[in-house]
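Commentary on secondary and tertiary structure
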Amino acid sequence: MQQPQTTRYTGADGVVLVADEWNRAAADGAHPTVLLLHGGGQNRFSWKKTGQVLAGRGFHVVALDSRGHGDSERSPGADYAIETLATDVLAVIDAIGGPVALVGASLGGLTAILAAEQAGAQRVTRLVLVDVVPRFEKSGSARIRDFMFRHVDGFASLDEAADAIAAYLPHRPRPDSTEGLKKNLRERDGRWYWHWDPALLTKPGDDPALRTAKLERAVMDLTIPILLIRGKLSDVVSTAGVEDFLAKVPAAEFVELGSAGHTAAGDDNDAFSAAVVDFVSESS
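Residues numbered from 1 in each chain as written. Predicted model: local features only at pLDDT ≥ 70, side-chain atom pairs only at ≥ 80, totals over all residues. Heavy atoms only, no water.

By the naming in an unreviewed UniProt entry, the chain is Peroxidase, taken from Mycolicibacillus trivialis.

1. Looking at the sheet that holds strand β5 (residues 100-105)
Put simply, the rule is: Whether two strands pair depends on DSSP finding at least two bridges between them. A run of DSSP states H or I qualifies as a helix once it reaches four residues; a run of E qualifies as a strand once it reaches two. Both are numbered from the N-terminal end. With axes taken as lines fitted to C-alpha atoms, and helix axes fitted only over the stretch in contact, angles between N-to-C directions fall between 0 and 180 degrees. Here a residue-residue contact requires only that any non-hydrogen atoms of the pair lie within 4.5 Å.
The mixed open sheet is built from eight strands, whose spatial order is β1-β2-β4-β3-β5-β6-β9-β10. Looking at which strands have only one partner, the edges of the open sheet turn out to be β1 (5-10) and β10 (253-257). For this sheet the average axis-to-axis angle between neighbouring strands, irrespective of direction, equals 20°. Packing of helix α3 (residues 107-119) onto the sheet brings it into contact with β3 (33-37), β5 and β6 (124-130), and relative to β5 it is tilted by some 150°.

2. Quick word on the environment of Ala161
In this fold, Ala161 is placed in helix α5 (residues 158-168). Expressed as a C-alpha distance, the spacing of Ala161 and Ser259, which sit 98 residues apart in the sequence, is 23 Å.

3. Looking at the pairing of strand β9 (residues 226-231)
How we decide: Buried residues are those whose accessible area, probed at 1.4 Å on protein chains only, stays under 20% of the maximum for their type, while exposed residues exceed 50% and partly exposed ones sit between those limits. We call a crossover right-handed when, viewed with the strands running away from us, the connection from the first strand over the helix to the second turns clockwise.
Across the six residues that make up β9, a large majority, six, are buried. Looking at chain direction, β6 and β9 are connected through four bridges and run parallel. Looking at the pairing, Val130 lines up with Ile229 of β9. Between β9 and its parallel partner β10, the chain crosses via helix α8 (residues 239-248), and the hand of that crossover is right-handed.

4. Overview of unusual backbone geometry
Within the chain, Ser106 stands out as a residue other than glycine whose phi angle is a positive 55°. Position of Ser106 relative to the elements: it lies in the loop between β5 and α3. In this structure Ser106 comes out as buried when scored by relative accessible area, which is 18%. Phi is positive for Asp131, close to 50°, though the residue is something other than glycine. Considering the arrangement of structural elements, one finds Asp131 in the loop between β6 and α4 (138-150).

5. Points about the packing of helix α1 (residues 48-56) against helix α10 (residues 269-281)
Definition in use: Note on terminology: angles under 35 degrees are roughly parallel, angles over 145 are roughly antiparallel, angles of 65 to 115 are roughly perpendicular, and the others are oblique. Left-handed describes a crossing in which the near helix is turned anticlockwise from the far one by less than a right angle; the clockwise case is right-handed.
Look at α1 against α10: their axes get within 10 Å of each other, and the N-to-C directions meet at 40°. In this view, α1 runs oblique relative to α10, as classed from their interaxial angle. As α1 runs across α10, the sense of the crossing is right-handed. Along its contact with α1, which presents Lys49, Thr50, Val53 and Leu54, the element α10 presents Asn269, Phe272, Ser273, Val276, Val277 and Val280.

Structure below.
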């Protein structure tokens, strides 16, 4: 299985963004580069299997750590507004230099909507939204924030972290080994902490209604092919939310993963990766 190389990009305000990159030599315009944007509180390693699958199909793939997440720098002044995240993505697209297909999960999907609108159809040629729509379920989003808040002071051990994650994601089997959690946690003074900036949870927020309206206008104005992937078990994107989105963006394609929740790429990676490969390959 092909392993990625670690690369660095420069985002807004000079923030250094770290990425995993596969098949850099394939960035020749024959295929769009696939730029993968994770959700809030996650990092680039959540895309590892999908990145390998796409690379195996010949795509140039970049899985980015958003500012304040993973190995990317934290934001000066705790600026984690979606608009700033989108500006970071535009800088990465400029550095890549060729057309890009954006794949964004949750917060990464909302960021991708704004980035695609601002970049234009020549620079962003396709958009995949992973279990997110502008009018998502606030109760599901609140459950995510509650989980993040509850463990902001870390865990006594990796086993404790694994138990907490298993309780939060009851549809996903608890792994036998906790070694994979070292991609998402860092040890300090005998405790294990999430590998993201806690200021993400305490920064001043914007007006949710205005943000929803802005995102909805942006995605409705896009002329590029769009794919919405929903985990059937999701409490963030409801059936009603999907119907509303498809009514407003009628040209969008839709795939539902029957055994997946909000963390669709990790819940059923084979089906998820197959849907993404099929969609981005149509533009090749």
